[in-house]
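# Survey of secondary and tertiary structure
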Amino acid sequence: MVTLWRTCMRFVACALIMPLLASPALASETASEARQKEVARRGAQVMPFSLARTLHVFAKTPNGGVQQVIAKDKSDGEQIGLIREHLTTIAGEFARGDFSAPEKIHGRDMPGLEELENAKPGQLKIEYKELPDGGQIAYSTDNPELIHALHQWFDAQLADHAAYAMPGHGGHQMDGR
């Protein structure tokens, strides 16, 4: 009976807390204009697609998160192709523990980055999926420290990309326009 009660209480606690964790109001503050410009400059050297013609969506989930990059114009085949190419490449790198691409854009002290780089093989599951207007990478783990690191990492990207990014909800396809 005690085990059933504990399970119910955990479920209730998660049901109450998880919507708050995904709330845009709790995302980190927007980076300064100078920082955003520097990140955009560095990003252009790493990401082949146009920030102005795309949107980054970061959705925190209970076991990690989903990162989407979508073309603002669904008929922009050039940007969609570049998004898919880039996300396919970095998903493979991330699966091998190589987070050098976001480090080049956001810097070595990016929140959550060190923990993600130090994850043991198999601790962090990375899955790329093609979307009609871009692509996504889903990150999942059972490790609470890595979940926290992913959420910090998403917040840092939201802050740095500001006008080119938005928080998502649960990893569902978002209509960011």
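Residues numbered from 1 in each chain as written. Predicted model: local features only at pLDDT ≥ 70, side-chain atom pairs only at ≥ 80, totals over all residues. Heavy atoms only, no water.

## Notes on the overall build of the protein
Across its full length, the protein holds 6 helices and 5 strands. Helices (α) and strands (β) of the protein occur, in sequence order from the N terminus, as α-α-β-β-α-α-α-β-β-α-β. A separation of at least 24 residues holds for 68% of the contacts in the protein among residues at least 6 apart in sequence. Counting only carbon and sulfur atoms, one obtains 57% of the accessible surface of the protein, whose full area is about 9,600 Å². (Helix = DSSP H or I, 4+ residues; strand = E, 2+ residues; numbered from the N terminus. Contact = heavy atoms within 4.5 Å. Areas by Shrake-Rupley, 256 points an atom, 1.4 Å probe, with all protein chains shown as cover.)

## Concerning the pairing of strand β3 (residues 125–131)
Here 7 bridges tie β3 to strand β4 (residues 134–140), and the two strands are oriented antiparallel to one another. By the bridge assignment for β4, K129 is matched with Q136. As consecutive antiparallel partners, β3 and β4 are separated by 2 residues. (Pairing = 2+ DSSP bridges.)

## Structural notes on the side chain of T141
Within the element layout of this structure, T141 appears in the loop between β4 and α6 (144–161). Engagement of the side chain of T141 in a polar contact is seen with the backbone oxygen of Q123, the distance being 2.6 Å. T141 has contacts with N63, Q123, L124, L146, I147 and L150, leaving out every residue within four places of it along the chain. (Polar contact = N/O pair within 3.5 Å; in protein donor to acceptor, adjacent residues only side chain to side chain.)

## Regarding the sheet that holds strand β1 (residues 54–61)
The 5 strands are arranged β3-β4-β2-β1-β5 in an open sheet whose pairing can be described as mixed. Unpaired on one side and paired on the other, β3 and β5 (165–167) mark the two borders of the sheet. Adjacent strand axes in the sheet meet at a mean angle of 15° when their direction is disregarded. Two strands pair when backbone bridges link them, and β1 and β5 are joined in this way by 3 bridges, in the parallel orientation. When the bridges of β5 are listed, F58 appears paired with P167. Along the sheet, helix α3 (residues 77–95) contacts β1, β2 (64–71), β3 and β4; its crossing angle with β4, the most-contacted strand, is approximately 20°. (Axes fitted to C-alpha atoms, helices over the stretch in contact; angles between N-to-C directions.)

## Concerning the nonpolar core
If you look at the biggest cluster of nonpolar residues, it comprises 31 residues, and the most contacted ones within it are F94, L116, I137, Y139 and W153. Within the residue set of this core, elements represented by two or more residues are β2, α3, α4 (100–106), α5 (113–117), β4 and α6. Discounting residues that sit within four places of it in the chain, F94 has contacts with F99, P102, I126, I137, Y139 and W153. (Core = buried A, V, L, I, M, F, W, Y, C linked by side-chain atoms within 4.5 Å. Buried < 20%, exposed > 50% of the residue type's maximum accessible area, 1.4 Å probe, protein only.)

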